[in-house]
Amino acid sequence: QQQVKQSPQSLIVQKGGISIINCAYENTAFDYFPWYQQFPGKGPALLIAIRPDVSEKKEGRFTISFNKSAKQFSLHIMDSQPGDSATYFCAASISSGYALNFGKGTSLLVTP
Amino acid sequence: GAVVSQHPSWVICKSGTSVKIECRSLDFQATTMFWYRQFPKQSLMLMATSNEGSKATYEQGVEKDKFLINHASLTLSTLTVTSAHPEDSSFYICSAEKTSGRGMETQYFGPGTRLLVL
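Student: Sorry if this is basic, but what is going on with the environment of B:C23 here?
Tutor: Residue and element names in this part refer to chain B. Of note, C23 is situated in strand β3 (residues 19-25). Judged by relative accessible area, which is 0%, C23 ranks as buried. Placed 90 residues apart in sequence, C23 and T113 show a C-alpha to C-alpha distance of 9.7 Å. Beyond its immediate stretch of four places on either side in the chain, C23 contacts V4, S5, Q6, M33, W35, T75, L76, S77 and C94.

Below, the structure written as C-alpha cells:
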C-alpha cells in the first residue's frame, strides 16, 4: 500500500523553466516530509525537507510548498538546469526511529 | 556534514555464497539505521530497521534468516545476504538517522552497493 503518491512519473522541462513535482499522503501522523535527489547508480541525497508547522520552505532554487489540510506537498525547482536531470523522490515519516515512506519517484529531464 | 559510507560499492558473487555489506556513519552517531533495496527505475523498498544493540525489525516479506542485520555500534550496521541467489541481485542502500541539536531527525543515505549474483 503506497502511503505517499507522487506525480508525474516523468517530466521534461526546458532549461530555465520551473519543474514541479507533487506528492500526496493519507497518514495525518506524518510530520516530516523530505525530498531526495538520486542520480543513476548513486544513493539518494537529501535536497530539502519540511515539517507541518510551516507552509513553505525555500533553499536556493528549490522550494517545498506544504498544504496540511489537503495533505499535499510539492517541490518546485526554479531556473531548472540540465544538471538537475535526475530522479526525485518525495517521502514522509512519523518521527524519529521510523523509516521513510517513499513516493514512486519522478524522472526529471531538463533539456538544454 | 552528515556522511554515510557503504562498502563495498559493488560486488559480484557466485550463487550460494554469502555477502556482507557495511554501512557506516562517518561523522555522526546513529542509533537507528535502515536498509533499503532498489530495483532499476523503481522506488526504494524498506527491508529492515536496525537499532543499535537490539535485533532488527524486518518488513513483511523480508526473510530475516536470509538478510542478517547487525548494528553493533552507533556508527556501523552490516547486512549479510546469506546463500545469495540471482534473484537477490539488486541495489542495496542504507540510511542513518542523525539527530540535530534541536532534536530533529534526518536520514542520510549511503552511496549504495550493487550486488550481482551469478
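Right, picking up where we left off after that structure.
Student: Looking at this structure, I do not really get a nonpolar patch on the surface. What am I missing?
Tutor: Residue and element names in this part refer to chain B. A contiguous nonpolar surface patch, about 460 Å² in accessible area, is contributed by W10, I12, L116 and L118. Tracing the backbone through its elements, the reader meets L118 in the segment after β11 (113-117). A relative accessible area of 60% places L118 in the exposed class.

Student: Please clarify how the interface of chain A and chain B should be interpreted in this entry.
Tutor: Size of an interface, as often reported, equals the accessible area lost when the parts are brought together. The interface is formed by 19 residues belonging to chain A together with 21 residues belonging to chain B. Buried surface at the junction of chain A and chain B, both sides included, amounts to about 1,400 Å², of which 58% is carbon and sulfur. Joining chain A to chain B, the criterion identifies 0 salt bridges. Connecting chain A to chain B are 6 residue pairs in polar contact (both at pLDDT 80 or more). By residue class, the composition of the side of chain A that touches chain B is 9 nonpolar, 7 polar and 3 charged.

Student: Where do I start with the state of the cysteines in this structure?
Tutor: Residue and element names in this part refer to chain A. Using the criterion set out here, one finds 2 disulfides over all chains in the structure. The disulfide partner of C23 is C90, and the gap between their sulfur atoms is 1.9 Å. Given an S-S torsion of about -95°, the disulfide between C23 and C90 has left-handed geometry. In this pair, C23 is assigned in strand β3 (residues 19-25) and C90 in strand β9 (residues 86-92), connecting sequence segments 67 residues apart.

Student: Quick question: what am I supposed to make of the environment of A:A92 here?
Tutor: All names here are of chain A. Of note, A92 is situated in strand β9. When the C-alpha positions of A92 and F30 are compared, they lie 6.1 Å apart, and in sequence the two are 62 residues distant. Each residue touching A92, except ones within four places of it in the same chain, is listed here: V4, F30, Y32, F33, P34, A99, L100 and N101.

Student: I'm lost on the pattern of salt bridges in this one. Help?
Tutor: All names here are of chain A. Taken as a whole and judged by the stated rule, the model has 5 salt bridges over all chains. The salt bridge partner of K71 is E26, with a shortest N-O separation of 3.5 Å. Residue K71 is found in the loop between β7 (62-67) and β8 (72-77), and its partner E26 is found in the loop between β3 and β4 (33-38); the two are separated by 45 residues along the sequence. Using a relative accessible area of 61% as the deciding quantity, one classes E26 as exposed.

Student: What's the story with unusual backbone geometry in this structure? I'm lost.
Tutor: In most cases, non-glycine residues show a negative phi, while peptide bonds are predominantly trans. In this model, A:S7 is joined to A:P8 through a cis peptide bond whose omega is -5°. In this model, B:H7 is joined to B:P8 through a cis peptide bond whose omega is 0°. Mapped onto the fold, B:P8 is located in the loop between β1 (4-7) and β2 (10-13). In this structure, A:K71 takes a positive phi of about 55° despite not being glycine. Phi at B:K41 is positive, roughly 60°, even though this residue is not glycine. Here B:K41 shows up in the loop between β4 (32-38) and β5 (44-51). In this structure B:K41 comes out as exposed when scored by relative accessible area, which is 87%.

Student: Is there a simple way to think about the side chain of A:S74 in this case?
Tutor: Along the chain, A:S74 falls in strand β8. Ignoring anything within four residues of it in the chain, the contact list for A:S74 reads A:I21, A:N22, A:W35, A:T63, A:I64 and A:S65.

Student: What's the story with the sheet that holds β3(B) in this structure? I'm lost.
Tutor: Across a sheet, strands are paired by hydrogen bonds formed along the backbone, either parallel or antiparallel in direction. Residues and elements named next belong to chain B. Taken in spatial order, the 4 strands line up as β1-β3-β8-β7 in an open sheet, and their pairing is antiparallel. Each having just a single partner strand, β1 and β7 (67-73) make up the two edges of the open sheet. Here the average twist between neighbouring strands, direction ignored, is 15°. Relative to strand β8 (residues 76-81), β7 is paired through 5 bridges, and the arrangement is antiparallel. Considered in β8, the bridge of I69 is made with L79.

What counts, and at which threshold
Residues numbered from 1 in each chain as written. Chains lettered and ligands numbered in written order. Predicted model: local features only at pLDDT ≥ 70, side-chain atom pairs only at ≥ 80, totals over all residues. Heavy atoms only, no water. Helix = DSSP H or I, 4+ residues; strand = E, 2+ residues; numbered from the N terminus. Buried < 20%, exposed > 50% of the residue type's maximum accessible area, 1.4 Å probe, protein only. Contact = heavy atoms within 4.5 Å. Patch = residues over 30% accessible without salt bridge, like charges linked within 9 Å, V, L, I, M, F, W, Y side chains within 5 Å. Areas by Shrake-Rupley, 256 points an atom, 1.4 Å probe, with all protein chains shown as cover. Salt bridge = Lys/Arg side-chain N within 4 Å of Asp/Glu carboxyl O. Buried area = accessible area lost by both parts, 1.4 Å probe. Polar contact = N/O pair within 3.5 Å; in protein donor to acceptor, adjacent residues only side chain to side chain. Nonpolar A, V, L, I, M, F, W, Y, C, P; charged D, E, K, R; others polar. Disulfide = S-S within 2.5 Å. Pairing = 2+ DSSP bridges. Axes fitted to C-alpha atoms, helices over the stretch in contact; angles between N-to-C directions.

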